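Breakdown of the fold
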Amino acid sequence: MAQSLDRLKESPSQTAGPYVHIGLTPNFCGIGGVYQSDLGSTMVNSETKGERIELRIRVLDGTDTPLKDALIEIWQADADGLYNSPAELRGAADPNFQGWGRQPTDMETGVCRFHTIKPGRVPFRDGRLMAPHITLWIVARGINVGLHTRLYFSDEEKANAEDPILARIEHRLRVPTLIAERQVDAYVFDVHLQGEKETVFFDS
Amino acid sequence: MAEPGSNRAPETGAFFQRDRQWHPAAFTPNYKSSVLRSPQKALLSFDNTLSELTGPVFGHAMLGELDNDLIHNFAKAGESAIGERIIVHGRVLDERGKGVPGALLEFWQANAGGRYRHKKDGYLAPLDPNFGGCGRAITGEDGGYAFRTVRPGPYPWPNGPNDWRPAHIHFSVFGHGFAQRLITQMYFEGDPLIWRCPIVGGISNKAAVEALIAGLDMQSTIPMDALAYKFDIVLRGRRSTLFENRPEGN
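Residues numbered from 1 in each chain as written. Chains lettered and ligands numbered in written order. Predicted model: local features only at pLDDT ≥ 70, side-chain atom pairs only at ≥ 80, totals over all residues.

This next bit is on the UniProt feature "domain: Intradiol ring-cleavage dioxygenases" (unreviewed entry) in chain B. With numbering aligned to this structure, UniProt lists the feature "domain: Intradiol ring-cleavage dioxygenases" (unreviewed entry) at residues 88–116 of chain B. Helix makes up 0% of residues 88–116 of chain B and strand 41%, whereas the separation of the span's terminal C-alpha atoms amounts to 19 Å. (UniProt positions renumbered as here; feature names shortened; annotations may be inferred. Helix = DSSP H or I, 4+ residues; strand = E, 2+ residues; numbered from the N terminus.)

Structure, rendered in structure tokens:
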């Protein structure tokens, strides 16, 4: 026998269920008066630095039907590539940008919209720059463990080509599953939970 | 950026890997909703980058006075929610056993009759006009938290022909890094429905299920007022950076 490592186990995940809105976006589902506003619903103010962008995200099940009861959170760096977090040791991030947002998918269309800014580039572990990206975390009824992935940008071809995480994807035809397409007024991103176009999800 | 009001140096080590055998699998066919919503391809594994190591901070200033009191935070003045009054308390720890201060917890639940205040819930149990069903708290220096609510009722749900959810409270938890993000559910000691539930059954390890069952805590009850349940939550631990901060190329 050796000494015990004296570690605890992480609490097991359980699905957020169909009523996740009650807890995380109560105003959205008609429970007013408890919180002033839903947390994470506004990301940008008039002082925030950076290019304003809109993200339009859908999450599609194995029959390509959009989920109408999902909830998405995003986490991103500011316009200079700094995170507004105590673990960010490279400098102070834009005080007018928390970098975190939360939105439910629309109950009719399944579209989830974020109004944010385009993030700057953040270094990888070895100092190389990663391409601009936004971390996504998706929960819903039927999802037992929250899904982690990233959204990259179609108009960042050069940066995407040298991104160390995208470079790790063995099956190159799956790389586009992480790239949002720039349209006239928004970046459009479909997350596929299953099938040929299944999004690359992370374990990190 | 230093944590507001704190002299602690922020930790920046990578998080322990998730034990995917301990968590429920993505595909758990007895829970039918998972069948078409479960990724089937292998996950892409990599050690945390800054994007996973960092995470948002939520300050105590954002909390309202009744945020951790579900008995009153939706009730009309002078009234309160109907049901068995309980206090739920515990600590948020990481896998090293260290308390996690400043963790935002959000919780939601059905009312005492097992009915949610949500347009998608058509269960015939009545809504309680004084119960909304959501609350939140931020952990103190030792990782401790507490809130007051009514014990939620069990309820039937459309899955198998006769499936019932055990009484439960949903928890959403932020730690210090976005990689620690977790949503789970708390169950109640002694509830026979726990071991019959297809959602709980997605967890294959009995000890893992037991880690989600809050124990009755008689020492923390308030006599003639409320029972108490203790529920600790464990987030991913993290490595020391002592041997990791080497210059490039070494």
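Next comes the rest of the description.
Turning our eyes to something else, we now look at the environment of Leu 166 of chain A. Residue and element names in this part refer to chain A. Tracing the backbone through its elements, the reader meets Leu 166 in the loop between helix H2 (157–161) and strand S7 (179–182). With 34 residues separating them along the chain, Leu 166 and Val 200 place their C-alpha atoms 9.8 Å apart. With residues up to four places along the chain from it excluded, the contact list for Leu 166 reads Ala 131, Tyr 152, Asn 160, Val 175 and Leu 178. (Contact = placed C-beta atoms within 7 Å.)

The pLDDT averaged across chain B works out to 94; a share of 94% of its residues lies at or above 70. Note on the complex model: pTM 0.96, ipTM 0.97. (pLDDT = per-residue confidence, 0-100.)

Bringing the sheet that holds strand S3 (residues 100–104) of chain A into the picture now. Residues and elements named next belong to chain A. A sheet is described by the order of its strands in space; here eight strands give the open sequence S3-S2-S5-S6-S7-S8-S1-S4, paired in mixed fashion. The open sheet has two free edges, formed respectively by S3 and strand S4 (112–117), since each of these has just one partner strand. Taken over all neighbouring pairs, the strand axes of this sheet differ in orientation by 30° on average, direction set aside. Here two bridges tie strand S6 (residues 147–153) to S7, and the two strands are oriented parallel to one another. The partner of Phe 153 across the bridge, within S7, is Ala 180. (Pairing = 2+ DSSP bridges. Axes fitted to C-alpha atoms, helices over the stretch in contact; angles between N-to-C directions.)

With that out of the way, let us pick up the nonpolar core. One finds Ile 138 and Val 139 of chain A together with Val 173 of chain B to be the most contacted residues of the largest nonpolar core, which totals 108 residues. It is strand S9 (residues 182–188) of chain B that provides the largest number of residues to this core, a total of five residues. (Core = buried A, V, L, I, M, F, W, Y, C linked by C-beta atoms within 7 Å. Buried ≥ 20, exposed ≤ 12 C-beta atoms within 10 Å, placed from the backbone.)

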